[in-house]
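Chain by chain, the residues:
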Amino acid sequence: MTENLVELSGNGLFQVRVHQTIQAAQQAVRKVGLLIVDFERTDDVSLSGGSLGVEFLESVWLRLRSVLRDSDAIFRLDGGETVVLLPSVTGPEDVVVVAKKILNKLEQPFLLDGFRADIRPRIGIALFPEHSTSANSLIQRAHTALNGAKRTRSSYIIYSQEHGHNHHTPLQMRDLRQAIVEEQLFLLYQPKVSLKTGSISGLEVLARWRHPRFGLIEPDQFIPVAERTGLIIPLTLWVLHNALLQCRAWNKMGIDVNVAVNLSMWNLDALELPEQIAGLLRSVDMAPGRLELEITESAIMDDPKRAMRTLTLIRDLGVQFTIDDFGTGYSSLAHLKKLPVAGMKIDKSFVQNMELDRDNAVIVRSIIDLGHNLGLKVVAEGVETREAKEMLTEFACDEAQGYYFSPPVSAQAIIRFFNDPTQRVSNHRSRRENISRVNSPRRNGKIVDAKLPLEP
Ligand code: G
Ligand code: G
Ligand code: MN
């Protein structure tokens, strides 16, 4: 688990960049191409690690730069793959032209340490908006295409449906049980920041799945599978247990934080959930006040009586509840008032562009006032810009969460966050990779002023 966490913390920033590029393309009605490049070596010398690996990756970088435009970005993922992001293409034909140029360059022999190395590049391609409109799944689809290229020994493959869901999903159902048993799941943490003090007020726990064959799978893809197959119960218990262990470890290091775990609607069906949570808190020896649970508005409203019963039992343990994605469901205000919840999170769809969209700003302000009138703490999620943060502060919103402050990051990144004010939100180090630095001077867990990595 630890290894994955280290890897992912660097990829978080990459994800942010893909997200921003997609947003810019959306506004300018452009398309985006994402190419993931990986290598197979026909002899048995390792490409990664040591100076040979570094030397090799540097020459790959130089060759890529020689065929790309300045506006194209190159990233190196922590898994060793190289990614090319084309922010403005007209369609798949464009991307194929670039892929062929890249292949042509990379197929020329490499001289490593004076030896000629036989290396086969393979490329997986996905396009926005054809293959996905979200950064996470676009990256995943390019990975899927790359795996297809490796499997079929093709030099490049463009993502298509048949690589994805059709024979992906049944496998996932079978594999998910295995994943829980074999701990292929791991956790990332996204800070929630107090708008009054600038300190980290909590960490939302977000599950990821490192599939042995398909690579990284996002919760949007596996949580629904878990819900359909009943695996959501053991999965949630796994997440709770590991989040509590991590929180206790941080606390022991003097890092004073709470964790917030997402519950699914199906978790509320399990009559034994309160007792299981009590058991976990005892076994990990954690104060219940350290745990927060997020539950969506629609999960509660699906059966408010049942939700009330389960929530009350868990609340009586000393655990706090927050309503997640508020504004997307149809809450009965009468029920809302009676629920044993301490806070609400405004859905990111209202927050993301609130500085541009007056209606959304009005909705956000109204939800904040509603929450405060009900005596709730209000958190805004999806805060991506300084302007949004400033508006939220003016509206007296209590806390904020979003890419402006930090994407979800590894447990180690959280420690650096608290311990080392010179560390940045993400641990991407290479300037050559065309990522401008995340400028976020932090002191003792305070995110003073984080700035998103913008166009180079
Ligand atoms: O981290 P990401 O944006 O990909 O999360 C997508 C969705 O998956 C979010 O709505 C989040 O609440 C949900 N999610 C992430 N981790 C978990 C988890 O451990 N349990 C449940 N039930 N949902 C999760
Ligand atoms: O539904 P839920 O609130 O649990 O979803 C949380 C998820 O939202 C996180 O896991 C993260 O991947 C995603 N997220 C967090 N911050 C931002 C942001 O600023 N913008 C966008 N688009 N997504 C975000
Ligand atoms: Mn959530």
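Our structure is the block above this text.
Residues numbered from 1 in each chain as written. Chains lettered and ligands numbered in written order. Predicted model: local features only at pLDDT ≥ 70, side-chain atom pairs only at ≥ 80, totals over all residues. Heavy atoms only, no water.

### Comments concerning the site of ligand 1
Contacts to ligand 1 come from N136, L206, A207, R208, E218, P219, D220, I223, V239, N262, L263 and S264. Measuring from an oxygen atom of ligand 1, one finds a side-chain N or O atom of R208 at 3.0 Å. Residue N262 places a side-chain N or O atom 3.2 Å away from an oxygen atom belonging to ligand 1. Coverage of ligand 1 by the protein amounts to 82% of the 500 Å² it exposes when considered alone. For the shell around ligand 1, the class distribution of residues is 6 nonpolar, 3 polar and 3 charged. (Near = heavy atom within 4 Å. Polar contact = N/O pair within 3.5 Å; in protein donor to acceptor, adjacent residues only side chain to side chain. Areas by Shrake-Rupley, 256 points an atom, 1.4 Å probe, with all protein chains shown as cover. Nonpolar A, V, L, I, M, F, W, Y, C, P; charged D, E, K, R; others polar.)

### Some points on the environment of D303
Within the secondary structure layout, D303 lies in the loop between α9 (297-302) and α10 (304-315). Judged by relative accessible area, which is 30%, D303 ranks as partly exposed. Remark: the alpha-carbon pair of D303 and D269, spanning 34 residues in sequence, is separated by 9.7 Å. (Helix = DSSP H or I, 4+ residues; strand = E, 2+ residues; numbered from the N terminus. Buried < 20%, exposed > 50% of the residue type's maximum accessible area, 1.4 Å probe, protein only.)

### Observations concerning unusual backbone geometry
Omega for the bond connecting F128 with P129 falls within 30 degrees of zero, at 0°, which places this linkage in the cis form. If you trace the backbone, P129 turns up in the loop between β6 (119-128) and α4 (135-152). The backbone of E183 shows a phi angle near 55°, a positive value even though the residue is not glycine. We classify E183 as partly exposed; its relative accessible area is 41%. Its identity is not glycine, yet A396 carries a phi of approximately 65°, on the positive side.

### So, the packing of aromatic side chains
Each pair of aromatic rings is reported with the distance of its centres and the angle of its planes. Tallied over the full model, the rule gives 6 aromatic pairs. Seen in terms of ring centroids, F56 and F110 are 4.9 Å apart; in terms of plane orientation they differ by 65°. Their pairing is edge-to-face. Here F56, found in helix α2 (residues 50-67), pairs with F110, found in strand β4 (residues 110-112); they are 54 residues apart in sequence, far enough to count as distant. F110 matches F56 in its accessibility class, with the two residues each being buried. Look at Y404 and F405: their rings are 5.0 Å apart centre to centre, the planes differ by 80°, and that puts the pair in the edge-to-face class. This pair shows no difference in class: Y404 is buried, exactly as F405 is. Lying across the ring of F110, R63 places its NZ or CZ 3.7 Å from the centre. (Phe/Tyr/Trp six-rings, centres within 6.5 Å; stacked < 30°, edge-to-face > 60°. Lys NZ or Arg CZ within 6 Å of the ring centre and 35° of its normal.)

### A word on the coordination of the manganese ion (ligand 3)
Four donors placed tetrahedrally about a metal ideally form angles of 109.5 degrees, and six donors placed octahedrally ideally form angles of 90 or 180 degrees. Within the protein, the manganese ion (ligand 3) binds to E204 (OE), N262 (OD1), E294 (OE) and D324 (OD); these donor distances fall in the range 2.2 to 2.4 Å. Written as a sequence motif, the donor arrangement for the manganese ion (ligand 3) is E-x57-N-x31-E-x29-D. A residue pair is termed long-range when its members are at least 10 positions apart, and N262 in strand β11 (residues 259-263) and D324 in strand β13 (residues 320-326) qualify at 62 residues. Looking at N262, the relative accessible area reads 28%, which means it is partly exposed. (Donors = N, O, S within 2.8 Å, 3.2 Å for Na, K, Ca; no water.)

### Points about the pattern of salt bridges
Going through the model one piece at a time under the given rule, you end up with 18 salt bridges. Salt bridges sharing partners connect three or more residues here, namely K192, E204, E292, E294, K345, K377, E381 and E399. (Salt bridge = Lys/Arg side-chain N within 4 Å of Asp/Glu carboxyl O.)

### A word on the sheet that holds strand β7 (residues 156-158)
In space, the 5 strands of this open sheet follow the order β2-β3-β1-β6-β7, with mixed pairing throughout. In the strand order of this sheet, the two ends are held by β2 (73-76) and β7, each with one partner. Across this sheet, the average inter-strand angle for adjacent strands is 20°, counted without regard to direction. Judged from the 4 bridges that link them, β2 and strand β3 (residues 82-89) form a sheet pairing that is antiparallel. Along β3, the bridge assignment pairs R76 with T82. Against the sheet, helix α3 (residues 92-107) makes contact with β1 (31-41), β3, β6 and β7, and its axis sits at roughly 165° relative to β6, the strand it touches most. Its contacts with the sheet place α4 against β1, β6 and β7, and it is angled at close to 145° to β6. (Pairing = 2+ DSSP bridges. Axes fitted to C-alpha atoms, helices over the stretch in contact; angles between N-to-C directions. Contact = heavy atoms within 4.5 Å.)

### What to know about the nonpolar core
With 83 residues, the main nonpolar core has W250, L293 and L392 as its most contacted residues. Among the elements that line this core, the one with the most residues is helix α7 (residues 232-252), at 9 residues. Beyond its immediate stretch of four places on either side in the chain, W250 contacts Y189, L203, I255, V257, V259, A411, I414 and I415. Membership of the second largest hydrophobic core comes to 27 residues, among which are W61, L64, I102 and I119. (Core = buried A, V, L, I, M, F, W, Y, C linked by side-chain atoms within 4.5 Å.)

### What to know about the site of ligand 2
Near ligand 2, the surroundings consist of 16 residues, among which L206, Q352, E381, E384 and Y403 are the closest. Between ligand 2 and Q190 there is a distance of 3.0 Å, counted from a nitrogen atom to a side-chain nitrogen or oxygen. Between ligand 2 and N262 there is a distance of 3.4 Å, counted from an oxygen atom to a side-chain nitrogen or oxygen. In isolation ligand 2 has 520 Å² of accessible area, and contact with the protein removes 85% of it.

### Digging into the environment of I363
By the element assignment, I363 lies in helix α13 (residues 358-373). With a relative accessible area of 32%, I363 lands in the partly exposed category. Sequence spacing of I363 and F350 is 13 residues, and the spatial spacing of their C-alpha atoms is 7.2 Å.

### Observations concerning the environment of P92
Structurally, P92 is set in helix α3. Taking the C-alpha atoms as reference, P92 lies 9.6 Å from V32; in sequence the two are 60 residues apart. Setting aside anything within four residues of it in sequence, one finds P92 in contact with L127, E130 and I158.

### As for the side chain of S132
Looking at where S132 falls in the secondary structure, it is placed in the loop between β6 and α4. For S132, a relative accessible area of 8% translates into the label buried. Looking at S132, its side chain comes within polar contact range of the main-chain nitrogen of S134, at 3.0 Å. Separated by 2.4 Å, the side chains of S132 and S137 make a polar contact. What S132 contacts, discounting residues up to four positions off in sequence, is L127, S137, L138 and R141.

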